[in-house]
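Chain residues, written in single-letter form:
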Amino acid sequence: MLPADWIEHRRPDGEVLGWMLADGEGFRVFDLLGRERTPGGADGDPLEWLDAEELLEDLGIGYLADRWTLRLPDGSERPVRIGEASPRGIVVVADEYGAASAVGANPERFPLPFPVGDALAPR
């Protein structure tokens, strides 16, 4: 669930790019998976408002189309793609050999919490 104090940032076309969180005189930046993207993470210095907006603009949404690795509770890993991303939760779909995008494919789906945590990592 989206924390009430996160400030939504949108592109000019209305697409949500992520959120900012006030931290003292600056802001922390979070992507659409709820991961902190402030340089240095929680140990980094908060950004000025315009720098936080620029970071989200530069990040965009293209990373959502990348392949990811899902670490399952038993320690095994699966290649996945993001099927859905919202504050209500993240859904990834199994993507062995690019099969998730094949016509007629019915890939296995894995629901994840928001923010996504470390079970999901870029490939």
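Scope of this entry: the structure provided in the associated data block. Keep in mind that this is a model prediction, so the values were computed, not measured.

What counts and how
Residues numbered from 1 in each chain as written. Predicted model: local features only at pLDDT ≥ 70, side-chain atom pairs only at ≥ 80, totals over all residues. Heavy atoms only, no water. Pairing = 2+ DSSP bridges. Helix = DSSP H or I, 4+ residues; strand = E, 2+ residues; numbered from the N terminus. Axes fitted to C-alpha atoms, helices over the stretch in contact; angles between N-to-C directions. Phe/Tyr/Trp six-rings, centres within 6.5 Å; stacked < 30°, edge-to-face > 60°. Buried < 20%, exposed > 50% of the residue type's maximum accessible area, 1.4 Å probe, protein only. Lys NZ or Arg CZ within 6 Å of the ring centre and 35° of its normal.

Observations concerning the sheet that holds strand β3 (residues 26-30)
Right, so step 1: The antiparallel open sheet is built from three strands, whose spatial order is β1-β2-β3. The open sheet is flanked by β1 (6-10) and β3, the only strands paired with a single partner. Across the sheet, the axes of successive neighbouring strands diverge by a mean angle of 35°, strand direction being ignored.
Right, so step 2: Relative to strand β2 (residues 16-23), β1 runs antiparallel, the two sharing five bridges. Paired with R10 across the strands is V16, a residue of β2.

Remarks on the packing of aromatic side chains
Each aromatic ring pair is summarised here by two numbers: the centre-to-centre distance and the angle between the ring planes.
Right, so step 1: Under the counting rule described, the total for this entry stands at five aromatic pairs.
Right, so step 2: Measuring from ring centre to ring centre gives 5.9 Å for W6 and W19, while their planes differ by 45°; the resulting arrangement is tilted. Remark: W19 occurs in strand β2 and W6 occurs in strand β1; sequence separation between them is 13 residues. In terms of burial, W6 and W19 fall into one category: buried.
Right, so step 3: On the basis of an interplanar angle of 20° and a centroid distance of 4.2 Å, the ring pair of W6 and F30 is categorised as stacked. One end of the pair, W6, is in strand β1; the other, F30, is in strand β3, and 24 residues separate them in sequence. There is no split in this pair, since W6 and F30 are both buried.
Right, so step 4: Through successive ring pairs, a cluster of aromatic residues spans W6, W19, F30 and F114.
Right, so step 5: It is R37 that lies over the ring of Y63; its NZ or CZ is 5.7 Å from the centre.

What to know about the pairing of strand β6 (residues 89-94)
Right, so step 1: β6 sits mainly inside the fold: six of its six residues count as buried.
Right, so step 2: Pairing analysis gives six bridges linking strand β5 (residues 77-86) to β6, with the strands arranged antiparallel. Its bridge partner lying in β6, E84 is registered against V91.
Right, so step 3: Hairpin remark: β5 followed by β6, antiparallel, with two residues in the connecting loop.
Right, so step 4: Bridge count between β6 and strand β7 (residues 109-112): four bridges; the pairing is antiparallel.

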